[in-house]
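Summary of the model geometry
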Number of protein chains: 2
Amino acid sequence: MPTIRDVARESGFSASTVSIVLNRAPLARYIRKDTKTQIETVAKQLGYSPNLLARSLRNQRNHSIGVMVFDITDPFCTPILRGVETTLFNASFVPILADAHNDPSRFERALEMLLEQRVEGLIVVANWLCVNVNILSDIEKRNISTVIVGRDLAPSLSSVQVDNPLGGRLAIEHLYKLGHRKIAFIRGPKMLADSNQRWRGIRGFAATVGLKIDPRLVVELPNLLNPMHGFEAGYSKTMELLETGHPFTAISAFDDVTALGAIKALRSAGRRVPEQCSVIGFDDTTPAAVSAPSLTTVRQPMESMGANAAQMILDTGAAISQKMELAPSHRLLAPELIVRESTAPPVKFSGEH
Amino acid sequence: MPTIRDVARESGFSASTVSIVLNRAPLARYIRKDTKTQIETVAKQLGYSPNLLARSLRNQRNHSIGVMVFDITDPFCTPILRGVETTLFNASFVPILADAHNDPSRFERALEMLLEQRVEGLIVVANWLCVNVNILSDIEKRNISTVIVGRDLAPSLSSVQVDNPLGGRLAIEHLYKLGHRKIAFIRGPKMLADSNQRWRGIRGFAATVGLKIDPRLVVELPNLLNPMHGFEAGYSKTMELLETGHPFTAISAFDDVTALGAIKALRSAGRRVPEQCSVIGFDDTTPAAVSAPSLTTVRQPMESMGANAAQMILDTGAAISQKMELAPSHRLLAPELIVRESTAPPVKFSGEH
DNA sequence: TCCCGAAGTTCGATTTAAATG
DNA sequence: GCATTTAAATCGAACTTCGGG
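Residues numbered from 1 in each chain as written. Chains lettered and ligands numbered in written order. Predicted model: local features only at pLDDT ≥ 70, side-chain atom pairs only at ≥ 80, totals over all residues. Heavy atoms only, no water.

A word on the domain arrangement of chain A
Note: interface size is frequently given as the accessible area lost on complex formation between the parts. Residue and element names in this part refer to chain A. The condition that has to hold: Bear in mind that the domain bounds are from an automatic or database domain assignment. The criterion used for residue contact is that any of the two residues' heavy atoms lie within 4.5 Å. Accessible surface is computed with a 1.4 Å probe, and the buried area is the amount of it that two parts give up when combined, taken over both parts together. A carboxyl oxygen of Asp or Glu within 4 Å of a side-chain nitrogen of Lys or Arg is what we treat as a salt bridge. Within 3.5 Å is the distance limit for a polar contact, defined as a pair of N or O atoms, with the added protein rule that one can donate a hydrogen and the other accept it, and that residues adjacent in sequence qualify only through two side-chain atoms. Under the grouping applied here, Gly and all other residues not named as nonpolar or charged are polar, the nonpolar ones being Ala, Val, Leu, Ile, Met, Phe, Trp, Tyr, Cys and Pro and the charged ones Asp, Glu, Lys and Arg.
Entries for chain A in the domain assignment read domain 1 (4–50), domain 2 (62–156 + 301–334) and domain 3 (164–300). On a C-alpha basis, the centres of domain 2 and domain 3 stand 30 Å from each other. Between domain 2 and domain 3, the contact holds 14 residues from the first and 17 residues from the second. For the pair domain 2 and domain 3, the summed buried surface comes to about 1500 Å²; carbon and sulfur atoms form 68% of the total. The interface formed by domain 2 and domain 3 holds 1 salt bridge in total. The interface formed by domain 2 and domain 3 holds 2 residue pairs in polar contact (both at pLDDT 80 or more) in total. Per-class residue counts for the side of domain 2 that touches domain 3 are 8 nonpolar, 3 polar and 3 charged.

Next comes the structure, spelled out in structure tokens:
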């Protein structure tokens, strides 16, 4: 690997001059055009590319951003990563990945490693867990610019998340407009702030249109450690609903995986989806589109959330380098209703016509 | 952030001594015990942690591995990433992520960025594309130790992949043992080496048991650019099969997404799965477990593939530092049959009993 | 003062060669 | 020669300062 000194020797100029020319530093205005071209030619000939390690050591910037994911196997995470990577890539930044495996102690060690790498910023993708974790103190005392994706944990930490109340509203509104009145709800676990936020949206809409929510048709997921467990939980919670005997024509599930569990339960109970019961999910993760029936769901703009987070980090970096103070910002992105096959108008009860 | 010189000043020793003590360098044997403890105490007090950038500049190692993924949104990739990350983490290495977006030109630029970061090794997760790309020359001339996951592209590049012929065999064997004799096949696209390898396994088994494969029941996926398009392709190819009118009782699909597309087609044609037609996939990606019916499939040990790849990279790194030459190795990992709900014994034709 | 270029210092840690008692 | 410690060189680039025309 050729160094700047190789270029200097080969071109007959000093390393300083080469550096100034190749970086288009301010001083480059004073350097003659032909020496510039000469140096650039030699640099290209030699295939010189500056050693980022050396450069980083000088200006304390290594063009890398730490991306901490709570569970990379969660399909919710990957589109976010795609968004993050795309934005960083366009800015010539590189993501350093860390996976907490849904484990708080692992989170801390992983954070340690990212900070040791001297990442310039931190993006935390908080999908499920990340509640017990005392991220705040851990991160805040490190004084590194951070964006949380998927949660709003503290006013001092920037965040990007979907508008959960609106999402909840979209779900129930869709079912309502299809004609459903007896709707069952599988709420998210208590420990997730999302659960309550979506529920607020649901209740708000219900109040607006005068729909009453039967508390016997409302169940709640337990506090799970693994997002994939939502499948079994959705299954068993739906079984509970069916066993109580209270009739319902639709289920609004906390997320897609839960909804798929619900569909499985309905099938095994002999109820066809959507003919005999509609099901709506939340997130629009990969399985939603390819399941049979495909899942109607409220889409979180995950890629855009990732892109936003990355851009915010880059912006704060730029602001800091200009010695400007940038207040933490909290973005709320709009969800979108995706209508597929798992919802349909309710069938009239035989006794009703 | 305290530097080594701060520790030196505070403890009353020189930076050299501090470095030697803290790194447990060979010379540390000659240093008195109490100066060691003294230095270590001061270091802990100050919360000193060495600057990796400076250290990397010295020894040309930054404890980072480039991980190039061809499409991070492909559910096939994420378990591999999990395996890679876990193994690297345990070795205190860090993965730098790059996503080619299924785009060869992007691949090159991303590779560039990884190399600029001076990663110590490269893991390429080749899921779908990566055929047109001239990876070989691009990587080989960089002279960086590389492992390909999911493909075997060249003898000179190490690789980890599933035993495709065995996987193909497991799939057809399962269907055969259930009693299926009229089996349709959706082969993978020609440009993927996997397609042929799995097909070899299938034909091998068929020959062994004297099962004849009806060429009219064999269709082939087109050369797709995006793995998710396999869903639509699986759908339409199954439709074709149905339209020809040749009877079959089972479908062996190239992968899970294709299989799910096939299930959708069968449903829309009014054939229930598995009662009226069995379907088996390949990969065992996330959607397989949560679809309805859940998908019987041949599992690729993806996490293990990732872990293997990471370990191979770490090993070559260690070998190089000891000036040993390490020949590229090619690992084949065993697939595993995962039986779920989408396969069952064939029904007897009404005219047969 | 403007133009052109180079020498030398700095970033923070590692390591070799050398110095001290 | 031995045990113990350190000054100085090094990694590669960036930037400040300086000198001559």
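That was the structure; now back to the text.
Quick notes on the environment of Glu 40 of chain B
Residues and elements named next belong to chain B. Threshold: Secondary structure elements follow DSSP: runs of H or I no shorter than four residues count as helices, runs of E no shorter than two count as strands, and numbering proceeds from the N terminus. Each residue's exposure class comes from its accessible area (1.4 Å probe, protein chains only) as a fraction of the maximum for that residue type: buried when under 20%, exposed when over 50%, partly exposed otherwise.
With respect to the secondary-structure elements, Glu 40 resides in helix H3 (residues 33–46). According to the relative accessible area criterion, Glu 40 is partly exposed, its value standing at 30%. Counting along the chain gives 139 residues from Glu 40 to Gly 179, while the straight-line C-alpha distance between them is 70 Å. Contact partners of Glu 40, with chain neighbours within four places excluded, come to Val 21, Leu 22 and Arg 24.

Some points on the protein's contact with DNA strand C
To be explicit about the condition: Throughout this document, a residue counts as near a molecule or strand when at least one of its heavy atoms sits within 4 Å of that molecule or strand.
In the neighbourhood of DNA strand C, 26 residues make up the surrounding shell, with Thr 17 and Arg 58 of chain A together with Ile 4, Arg 55 and Arg 58 of chain B lying closest. Ser 16 of chain A is positioned such that a nitrogen or oxygen atom in its side chain is 3.1 Å from a base nitrogen of DNA strand C. Take Ser 19 of chain B: an N or O atom from its side chain is 3.1 Å from a phosphate oxygen of DNA strand C. At the level of secondary structure, the elements contributing two or more residues to the surface near DNA strand C comprise helix H2 (15–22) and helix H4 (52–59) of chain A together with helix H1 (4–11), helix H2 (15–22) and helix H4 (52–59) of chain B. For the surface near DNA strand C, the leading source of residues is H4 of chain B, giving 4 residues. For the surface near DNA strand C, the per-class residue count stands at 9 nonpolar, 12 polar and 5 charged.

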